[in-house]
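Secondary and tertiary structure notes
Spelled out from the first residue to the last, the chains are:
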Amino acid sequence: MWNLNNKYALVTGGTKGIGKATVLEYLRLGAEVLFTSRTQKDIDLVLEELKEYDKKFYGLVADVSVAEDRQKVHDFIENQWGRLDILVNNAGINIRKKANDYSEEEFRKVMEINLSAPFELSRKLHALLQQSGNAKIVNVASSAAMQDVGTGTPYAMSKAGLLQQTRSLAVEWAADGIRVNAVSPWFTVTPLTKGLLSESDRMDPIIKRTPLKRVAEAQEMASIVAFLAMDKSSYITGQNIVADGGMSINAI
Ligand code: NAD
């Protein structure tokens, strides 16, 4: 069971960073994967890179915050697979600003993509997940869900909400054969954090606080997202795995 053989998986935001690393890990572990992104260009670049894998994979242009696009994803899965074994709600954004500098529109956008979309997509795909009989949802949250890490209040609120969504749906959908868990990364090398990671005045205190003395690589998150999707993690539901190099248990 240390594999994802014969599993059908959907990864949102699968063309970059943690999402892309997850797509690669899932294919290596034997899953058939559908990934989404907002542009065909990004999808084509990844499809080209994936050619070496002998598993089946598909890319679909879909914005997770748009209802018609979520319907499109649902219809694709229904027609192609007839069931869904794994849903990874990975797509996320941040607008790094002080609370008072946020426009209502910016606030709404962060909440829609990071919090509402995983809820709506999970509900939209519920029947297909139930059809699996042994499905898993993995939500990619953040250290920012639990502590202020200086990356903005709306982002922190959206990820904290996603953790409660994880717990509540885990209880509500356990009887439907669906486990729901979350992974909370600390700073990880991806396009989302590229700018920040190059600012040494911002990064020095972050590394100092982190016992492992480095930020994470995207693959280190993908391996946790894979474990939570495996039948090997069958007794875990409603949990949040904090992958932060020890940051949150370091008081000095
Ligand atoms: P990234 O920006 O590198 O990749 C995010 C992916 O999501 C991209 O492919 C992007 O196109 C896609 N995306 C964004 N909005 C979308 C939308 N509306 N519809 C569909 N796709 C959309 O980011 P990342 O660092 O890999 O982040 C992945 C997840 O991990 C996010 O939820 C993020 O909040 C979380 N996270 C990242 C870090 C980090 O340090 N990188 C830390 C904590 C949490």
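My aim in this report is to walk through the structure given alongside it, one point at a time. Model, not experiment: these values are computed from the prediction.

What counts as what
- Residues numbered from 1 in each chain as written.
- Predicted model: local features only at pLDDT ≥ 70, side-chain atom pairs only at ≥ 80, totals over all residues.
- Heavy atoms only, no water.
- Helix = DSSP H or I, 4+ residues; strand = E, 2+ residues; numbered from the N terminus.
- Expected span 1.5 Å × (residues − 1).
- Buried < 20%, exposed > 50% of the residue type's maximum accessible area, 1.4 Å probe, protein only.
- Arc of directions from axis to C-beta.
- Contact = heavy atoms within 4.5 Å.
- Salt bridge = Lys/Arg side-chain N within 4 Å of Asp/Glu carboxyl O.
- Phe/Tyr/Trp six-rings, centres within 6.5 Å; stacked < 30°, edge-to-face > 60°.
- Near = heavy atom within 4 Å.
- Polar contact = N/O pair within 3.5 Å; in protein donor to acceptor, adjacent residues only side chain to side chain.
- Areas by Shrake-Rupley, 256 points an atom, 1.4 Å probe, with all protein chains shown as cover.
- Nonpolar A, V, L, I, M, F, W, Y, C, P; charged D, E, K, R; others polar.

Examining helix α3 (residues 67-80)
With 14 residues, α3 extends 20 Å between its outermost C-alpha atoms, agreeing within 8% with the 20 Å of an ideal straight helix rising 1.5 Å per residue. Within α3, burial applies to Asp69, Arg70, Val73, His74 and Ile77. Here the buried residues of α3 occupy an arc of 145° about the axis, which is enough to place them on one side. Among the exposed residues of α3, those oriented more than 90 degrees off its buried face are Glu68 and Asn79. Residues of α3 that are buried make contact with β1 (8-11), β2 (32-37), β3 (57-61), α4 (104-124) and α5 (126-132).

A few points about the pattern of salt bridges
Inspection of every chain in the model, using the stated rule, returns 12 salt bridges. For Arg83, the salt bridge identified is with Asp85, shortest N-O distance 2.9 Å.

Looking at the packing of aromatic side chains
Taken as a whole and judged by the stated rule, the model has 5 aromatic pairs. Each ring, one from Trp2 and one from Phe227, has its centre 6.1 Å from the other, and the planes form 20°; the classification is stacked. Remark: Phe227 occurs in helix α9 (residues 218-229) and Trp2 occurs in the segment before β1; sequence separation between them is 225 residues. Taken together, the ring pairs in this structure connect Tyr8, Tyr58, Phe76 and Trp81 into an aromatic cluster.

A look at the environment of Lys208
Within the secondary structure, Lys208 sits in helix α8 (residues 200-209). Looking at Lys208, the relative accessible area reads 65%, which means it is exposed. Distance from Lys208 to Asn79, taken between C-alpha atoms, is 50 Å for residues 129 residues apart in sequence. Not counting residues up to four positions away in its chain, the partners in contact with Lys208 are Lys213 and Asn250.

Description of the site of the ligand
Around the ligand, a shell composed of 27 residues is seen, among which Ile18, Asn90, Tyr155, Thr188 and Thr190 lie nearest. A distance of 2.6 Å separates an oxygen atom of the ligand from a polar atom in the side chain of Tyr155. At 2.8 Å, a side-chain N or O of Lys159 approaches an oxygen atom of the ligand. In isolation the ligand has 830 Å² of accessible area, and contact with the protein removes 96% of it. Elements represented by at least two residues in the shell around the ligand include exactly α1 (17-28) and α6 (153-173). A breakdown of the residues in the shell around the ligand according to their chemical character gives 14 nonpolar, 9 polar and 4 charged.

Focus on the side chain of Thr193
By secondary structure assignment, the location of Thr193 is in the loop between β7 (188-189) and α7 (194-197). With near-sequence residues (within four places) excluded, Thr193 lies in contact with Arg96, Phe187 and Thr188.

Points about the side chain of Ser143
Along the polypeptide, Ser143 turns up in the loop between β5 (135-140) and α6. Classification of Ser143 by relative accessible area gives buried; the value is 2%. Other than its neighbours up to four places away in sequence, Ser143 contacts Val149, Ser184, Pro185, Trp186, Asp244 and Met247.

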